[in-house]
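Structural characterization, general
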Amino acid sequence: MKPKTRIGVEIDTAICAIDAGHGGMLMRKFYTTAGKQFKDFHECEINRLYAFELSNQLYLNDVIGFELIENCPVDVSLKDRIKTLNLLASKRNNCVSNSIHCNAAGNGKDWHPAMGSVIFYNAFDKESKKLAQCISARIDTDEIPIVHRGIKPTKSFGMVRKPNMPSALTELGFMTNKADHNALKDSQVRQKYCALIAAGTGDYFKQRV
Ligand SMILES: [Zn+2]
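Residues numbered from 1 in each chain as written. Predicted model: local features only at pLDDT ≥ 70, side-chain atom pairs only at ≥ 80, totals over all residues.

So, on to the overall build of the chain. Tallying secondary structure elements over the chain gives 6 helices and 10 strands in all. In the chain, buried positions account for 43% of the 209 residues. For the chain, the proportion of contacts with a sequence separation of at least 24, taken over those separated by at least 6, is 75%. (Helix = DSSP H or I, 4+ residues; strand = E, 2+ residues; numbered from the N terminus. Buried ≥ 20, exposed ≤ 12 C-beta atoms within 10 Å, placed from the backbone. Contact = placed C-beta atoms within 7 Å.)

Our next topic: the environment of Ala137. Structurally, Ala137 is set in helix H3 (residues 126-139). Separated by 62 residues in the primary sequence, Ala137 and Ala199 place their C-alpha atoms 9.9 Å from one another.

Right, let's talk about the pairing of strand E10 (residues 167-174) for a bit. When you tally the buried positions in E10, you get 7 out of 8 residues, the bulk of the element. Judged from the 6 bridges that link them, strand E7 (residues 95-103) and E10 form a sheet pairing that is parallel. In the sheet register, Ser99 faces E10, and the bridge partner there is Leu169. (Pairing = 2+ DSSP bridges.)

So, on to the sheet that holds strand E8 (residues 117-122). By definition, the strands of a sheet pair up through backbone hydrogen bonds, in either a parallel or an antiparallel sense. Strand order across the open sheet formed by 6 strands is E6-E1-E7-E10-E8-E9, with mixed pairing between neighbours. The sheet is open, and its two edges are formed by strand E6 (65-68) and strand E9 (148-154), each paired on a single side. Each strand of the sheet is rotated relative to its neighbour by a mean of 25°, with strand direction disregarded. The strands that H3 touches are E7, E8, E9 and E10; relative to E8, the one it contacts most, it runs at about 165°. Those strands touched by helix H6 (residues 187-208) are strand E1 (15-19), E7 and E10, and its axis lies near 150° from that of E7. (Axes fitted to C-alpha atoms, helices over the stretch in contact; angles between N-to-C directions.)

Residue pairs three or four apart in sequence face the same way in an α-helix, which turns once every 3.6 residues. With 19 residues, helix H1 (residues 43-61) should reach 27 Å at 1.5 Å per residue; the first-to-last C-alpha distance of 26 Å fits that figure. Turning to H1, its buried residues number three or more, namely Glu43, Cys44, Glu45, Ile46, Asn47, Arg48, Tyr50, Ala51, Glu53, Leu54, Gln57 and Leu58. (Expected span 1.5 Å × (residues − 1).)

Packing of H3 against H6 brings their axes to within 8 Å, and their N-to-C directions diverge by 140°. With respect to each other, H3 and H6 are oriented oblique. Crossing of H3 against H6: the hand is right-handed. Contact residues: H3 offers Lys130, Leu131, Cys134, Ile135, Ala137, Arg138 and Ile139, while H6 offers Tyr193, Leu196, Ile197, Ala199, Gly200, Thr201, Asp203 and Tyr204. (Parallel < 35°, antiparallel > 145°, perpendicular 65-115°, else oblique. Left-handed = near helix turned anticlockwise from the far one by under 90°.)

Let us look at H6. Helix length check: H6, at 22 residues, gives a terminal C-alpha distance of 32 Å against a target of 32 Å (1.5 Å per residue), a fit within 8%. Those residues of H6 that sit buried are Arg190, Tyr193, Cys194, Ala195, Leu196, Ile197, Ala198, Gly200, Thr201, Gly202 and Tyr204. Next to the buried residues of H6 lie E1, H1, E7, H3 and E10.

Here we come to the confidence of the model for the chain. Close inspection of predicted coordinates is inappropriate for parts of the model with low pLDDT. Of the residues in the chain, 85% reach a pLDDT of 70 or more, and the chain-wide mean stands at 86. Throughout residues 5-10 the model reports pLDDT below 50, and contacts reaching past four residues in sequence, or to other chains, amount to 8 contacts. (pLDDT = per-residue confidence, 0-100.)

This part takes up the packing of H1 against H6. Contact geometry of H1 with H6 gives a least axis separation of 8 Å together with a crossing angle of 55°. As summarised for this structure, H1 and H6 are arranged oblique, according to the angle between their axes. For the element pair H1 and H6, the recorded crossing hand is right-handed. Contacts from Leu49, Tyr50, Glu53, Leu54, Gln57, Leu58 and Asn61 of H1 reach H6 at Arg190, Gln191, Cys194, Ala195, Ile197, Ala198, Thr201 and Gly202.

Here it is as structure tokens:
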């Protein structure tokens, strides 16, 4: 069955697959791929909140369908998440993926000055670069209190390199920077940030038509 928008219209044009970046956490027991931890900040938890909010914003966008690659709090390996993406890509030719992460720097205990967001894209795929550019153009704004530092090619990140679709990996900000850390935990920032990422994803599909 084709996915539907909130008004029930079938979409067969665009799907954004959302990857929450890491495995989940249950009763504070870490799974094998839980991601980084700094003070009270657990990357897998924040990534998941962003992944769900991004799915909400894509839903509200009414143009793009979405597919959450993993369900909280299940731990899904990187290999299996890539497999899920490629299964999606084998069925549909108009999908993209965005893997959500938070960055970290320093000794793991003290605040660190490194700050800001960056979007990685598949260095070997020009569509991935366009996707990153579209999202980057939207999040490069004073509307959210996290500085955007642009896009970067990667030849190594599995979640960007291996899916058979345009793929981006968004590092939302630094959990080890006090200002970014507090902004990333703020639900209003999250809502606005995800609305901008959803809008940028929409821009990509519009320019691709
Ligand atoms: Zn991460």
